[in-house]
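Residue strings, one per chain:
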Amino acid sequence: MLRGLSLSTPEPDAALQEGKLLDRVYNTYLLMHTHQTVDFVRKKVQALPGHCSLRKMSIMEALELLDQLVDESDPDVDFPNSYHAYQTAEGIRQAHPDKDWFHLVGLLHDLGKVLALFGEPQWAVVGDTFPVGCKVQKSVVFSDSTFHDNPDTRHPLYSTEYGMYQPRCGLENILMSWGHDEYMYRVMKFNNFTLPKEAFYMVRFHSFYPWHTHGDYQHLCTEEDLRMLPWVRELKCVAWGGWDRTGGLGQAPPLQGEQPPSMTHPCSPQQVRPLHQAGGAA
Ligand SMILES: [Fe+2]
C-alpha cells in the first residue's frame, strides 16, 4: 500500500532517495493501471489451475522465498517480506490469542507475492487492488494520472459506474485486479485450506484499500461484505500498526523508518471513514 513518504527530508541524499522511491512506486502503479483490464484478469484466472500444478512448496519455503523480494509499490517497506509476515502473525497472536486460525492468516496473507519471483511483473503482484469491469473510483491511488492508456476506461460498459456488475452483487462476484491477494485466495481454495470464511476474505481483500480504508465501491457490496469488513480492517490494523496499538509486539520492534501510526495507521481517524459516511451509491 502507498502510505505516503515522510514529510521531512533533512539530507539531500535522503531527498534523492525518497524521489527515487516515489518514482518506483508511481511507475509500478502506472503499469498496473495501464494493463489491468477485464481481459487480462480473466486470462490469469483461467490459467490458475494449471499454474497451481506446476510446483509444490511448503508455507515455510514460500516465506523464505519472500526474503528475496522488495515490494516496489511500497515506499516504506525496504525490508524482507518475511519479516512483515512474522510481525503480523505475532501482532495478531497478541491481540487475539484465542484465534489460532487468525495467526495463520497473518503469516500467509502476503505469500502470493512469490509470484514476483517466478517471472510475474510487480504490477501484477503487489500494490493496492481495485475492481476491473467498472468505473475506477477516486480513492484508487494515482487514479487521476495512471489510467489514460487502459482500454477499459473507454469501454462502453466497463467505464460506467456499475460496469458489468449488478447493484449490490457482492464482492465475491467482482473481478478484482490481479495480484498477490487474489492469487493466494485462489491457491487456498485450490488446496482446500480448512480455514473460516473470514480468513479467505481477509486474504482476498486486504489490499483493497479503496474499499476497506476509503469506503468506496459500496454500491457493489452486500450485507455479508459489510459484516466481513471489520475482519479485513483488523488484519490491516495489526499488520501496519499493531506494534503501536498493543504497546509493542514482543520481539518485533518498530521498523527503521516507520512513520508514526497517527500518520500511517489504517485505523487512524483520518485514514478510515465509516462506510455509512463514505461516498458512492447507497
Ligand atoms: Fe499484501
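- Under the annotation held in an unreviewed UniProt entry, the protein carries the name Inositol oxygenase and is attributed to Falco tinnunculus.
- The record in UniProt for the protein states the following under Subcellular location (unreviewed entry): "Cytoplasm".
- Word for word, the UniProt comment on the protein under Catalytic activity (unreviewed entry) is "myo-inositol + O2 = D-glucuronate + H2O + H(+)".

### Structural notes on the overall build of the protein
For step 1, the next point in the chain: Assigned secondary structure in the protein consists of 10 helices and zero strands.
For step 2, the next point in the chain: N-terminal to C-terminal, the α/β element order of the protein is α-α-α-α-α-α-α-α-α-α.
For step 3, the next point in the chain: Looking at the protein residue by residue over its 282 residues, the buried ones come to 41%.
For step 4, the next point in the chain: Once local pairs closer than 6 in sequence are excluded, the contacts in the protein between residues at least 24 apart make up 75%.

### Focus on the packing of helix α4 (residues 81–95) against helix α5 (residues 100–108)
For step 1, the next point in the chain: The contact between α4 and α5 brings their axes to 7 Å, and the two run at 160 degrees. The orientation of α4 relative to α5 falls into the category roughly antiparallel. Considering the relative orientation of α4 and α5, their crossing is right-handed. Facing α4, whose interface residues are A85, T88, A89, G91, I92 and R93, α5 presents F102, H103, G106 and L107.

### What about the UniProt feature "binding site: Fe cation" (unreviewed entry) in the protein?
For step 1, the next point in the chain: Summarizing the sequence annotation, UniProt attributes the feature "binding site: Fe cation" (unreviewed entry) to H84, H109, D110, H180 and H206 in the numbering used throughout.
For step 2, the next point in the chain: Looking at the element boundaries, H109 is found in the loop between α5 and α6 (180–190).
For step 3, the next point in the chain: For H109, a count of 27 C-beta atoms within 10 Å corresponds to the buried category.
For step 4, the next point in the chain: The contact partners of H109, leaving out residues within four places of it in the chain, are T88, M202, V203, H206 and L235.

### Details of the nonpolar core
For step 1, the next point in the chain: Residues V105, M184, M202, V203, F205, V232 and L235 are the most contacted members of the largest nonpolar core, which totals 53 residues.
For step 2, the next point in the chain: Secondary-structure elements contributing two or more residues to this core are α1 (12–35), α3 (59–66), α4, α5, α6, α7 (197–205), α8 (209–212) and α9 (223–245).
For step 3, the next point in the chain: Examining the composition of this core, we find that eight residues originate from one element, α9, more than from any other.
For step 4, the next point in the chain: Ignoring any residue separated from it by four or fewer positions in sequence, one finds V232 in contact with Y201, M202, F205, H206 and H212.

### Concerning the environment of L65
For step 1, the next point in the chain: When you line up the elements, L65 lands in helix α3.
For step 2, the next point in the chain: The partly exposed category is assigned to L65, around which 18 C-beta atoms lie within 10 Å.
For step 3, the next point in the chain: The sequence separation of L65 and K113 amounts to 48 residues, and the corresponding C-alpha distance is 9.4 Å.
For step 4, the next point in the chain: When residues no more than four places from it in sequence are discounted, the contact partners of L65 are V114 and L117.

### Quick notes on the confidence of the model for the protein
For step 1, the next point in the chain: Scored by pLDDT, the protein has a mean of 81; 77% of the residues are at 70 or more.
For step 2, the next point in the chain: Within the protein, α7 carries the highest mean pLDDT (97), whereas helix α10 (residues 261–264) carries the lowest (30).
For step 3, the next point in the chain: Counting interchain partners and residues more than four positions distant, the pLDDT-below-50 stretch residues 2–10 has 16 contacts.
For step 4, the next point in the chain: Residue range residues 242–282 is modelled with pLDDT below 50. Its contacts to residues more than four positions away, or to other chains, number 69 contacts.

### Brief notes about α3
For step 1, the next point in the chain: Where α3 is concerned, the buried positions are A62, L63 and L66. The buried residues of α3 occupy an angular sector of 100 degrees when the element is viewed end-on, so they sit on one face. Facing away from the buried surface of α3 by more than 90 degrees, the exposed residues are M60 and E61.
For step 2, the next point in the chain: Of the surrounding secondary structure, the elements contacted by the buried residues of α3 are α4.

### Points about unusual backbone geometry
Excluding glycine, residues mostly have negative phi values, and the peptide bonds linking residues are mostly trans.
For step 1, the next point in the chain: Positive phi outside glycine occurs at F142, with the angle close to 55 degrees.
For step 2, the next point in the chain: Counting through the fold element by element, F142 comes out in the loop between α5 and α6.
For step 3, the next point in the chain: On the basis of neighbour counts, which here come to 16 C-beta atoms within 10 Å, the residue F142 falls in the partly exposed class.

### A word on α6
For step 1, the next point in the chain: Extensive coverage of α6 is indicated by the burial of nine of its 11 residues.
For step 2, the next point in the chain: Burial in α6 covers these residues: H180, D181, E182, Y183, M184, Y185, R186, V187 and M188.
For step 3, the next point in the chain: Buried residues in α6 make contact with α2 (38–52), α5 and α7.
For step 4, the next point in the chain: A positive backbone phi angle near 55 degrees is found at N192, which sits one or two residues after α6.

### Considering the packing of α3 against α4
Two packed helices can be described by the angle between their axes and the distance between those axes.
For step 1, the next point in the chain: With their axes 6 Å apart at the nearest point, α3 and α4 run at an angle of 125 degrees to one another. One element, α3, and the other, α4, form an angle in the oblique class. Touching L63, E64 and L66 of α3 are N81, S82 and A85, all from α4.
For step 2, the next point in the chain: Of the residues in the contact of α3 with α4, the class split is three nonpolar, two polar and one charged.

How each quantity is defined
Residues numbered from 1 in each chain as written. Predicted model: local features only at pLDDT ≥ 70, side-chain atom pairs only at ≥ 80, totals over all residues. UniProt positions renumbered as here; feature names shortened; annotations may be inferred. Helix = DSSP H or I, 4+ residues; strand = E, 2+ residues; numbered from the N terminus. Buried ≥ 20, exposed ≤ 12 C-beta atoms within 10 Å, placed from the backbone. Contact = placed C-beta atoms within 7 Å. Axes fitted to C-alpha atoms, helices over the stretch in contact; angles between N-to-C directions. Parallel < 35°, antiparallel > 145°, perpendicular 65-115°, else oblique. Left-handed = near helix turned anticlockwise from the far one by under 90°. Core = buried A, V, L, I, M, F, W, Y, C linked by C-beta atoms within 7 Å. pLDDT = per-residue confidence, 0-100. Arc of directions from axis to C-beta. Nonpolar A, V, L, I, M, F, W, Y, C, P; charged D, E, K, R; others polar.

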